[in-house]
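These are the residues of each chain, in order.
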Amino acid sequence: MLGCQLTRSKYFAFWKIMWAYVSPLVLFLVCLFSWINFKSLMLNDYVFPVWSNIVGNLLSLSTLSGAVIWSIFSVMKTVIIEKKPFKSLFVPDMGWKPLKKEHCILVNELHEKEFRQKLNEEIPNQVFTFK
């Protein structure tokens, strides 16, 4: 989704901003404000025991913990172990490809079409062959 732009759609930048910045920020703020405004669970006059509140909070933390732990792991692996720059975390892997063969063919056709368009703009009337 955030890899190279396959089309010249005006919506690509919108979705990139939404997925990379807005969604994580909204998720973080919703969790933060729900923890700040936390009140013990009640049903009519019955106050639930403390352990039930702890279990509920642990369940909500478990949804975020995967993203946080994976982010920390990725940064540590890339920057400390592999000695790559932090910026390399935001560049798509060159070895990435779609899982199904027909989708690989589709992506290759899109890349070829875009490559030909760029070449025609830069060097008109030349023939290039692709294998």
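Use the structure listed above.
Attention here is on the structure that accompanies the text. (Residues numbered from 1 in each chain as written. Predicted model: local features only at pLDDT ≥ 70, side-chain atom pairs only at ≥ 80, totals over all residues. Heavy atoms only, no water.)

This paragraph deals with a nonpolar patch on the surface. A grouping of Val68, Ile72, Met76, Val79, Ile80, Ile81, Phe86 and Phe90 is seen on the molecular surface, where their side chains present a nonpolar patch of about 810 Å² in accessible area. Looking at the element boundaries, Val68 is found in helix α2 (residues 50-81). On the basis of relative accessible area, Val68 is assigned to the partly exposed category, the value being 46%. (Patch = residues over 30% accessible without salt bridge, like charges linked within 9 Å, V, L, I, M, F, W, Y side chains within 5 Å. Areas by Shrake-Rupley, 256 points an atom, 1.4 Å probe, with all protein chains shown as cover. Salt bridge = Lys/Arg side-chain N within 4 Å of Asp/Glu carboxyl O. Helix = DSSP H or I, 4+ residues; strand = E, 2+ residues; numbered from the N terminus. Buried < 20%, exposed > 50% of the residue type's maximum accessible area, 1.4 Å probe, protein only.)

So, on to α2. Of all the bends in α2, the largest measures some 35° and sits at Leu64. Within the sequence span of α2, burial applies to Ser52, Asn53, Leu64, Ser74 and Thr78. Those residues of α2 that are buried lie in contact with α1 (11-36). Looking one or two places after α2, you find Lys83, whose phi comes out positive at around 55°. (Bend = angle between axes of the 7 residues up to and from the residue. Contact = heavy atoms within 4.5 Å.)

Once that is clear, we can look at unusual backbone geometry. Peptide bonds are trans in most cases, and residues, glycine excluded, mostly fall at negative phi. One non-glycine residue, Asn44, lies in the positive phi region at around 55°. Take Asn44: it is sitting in the loop between β1 (42-43) and β2 (46-47). Even without glycine at this site, Lys83 takes up a positive phi of about 55°. Relative to the elements of secondary structure, Lys83 occurs in the loop between α2 and α3 (101-122). When its relative accessible area of 66% is taken as the criterion, Lys83 is described as exposed.

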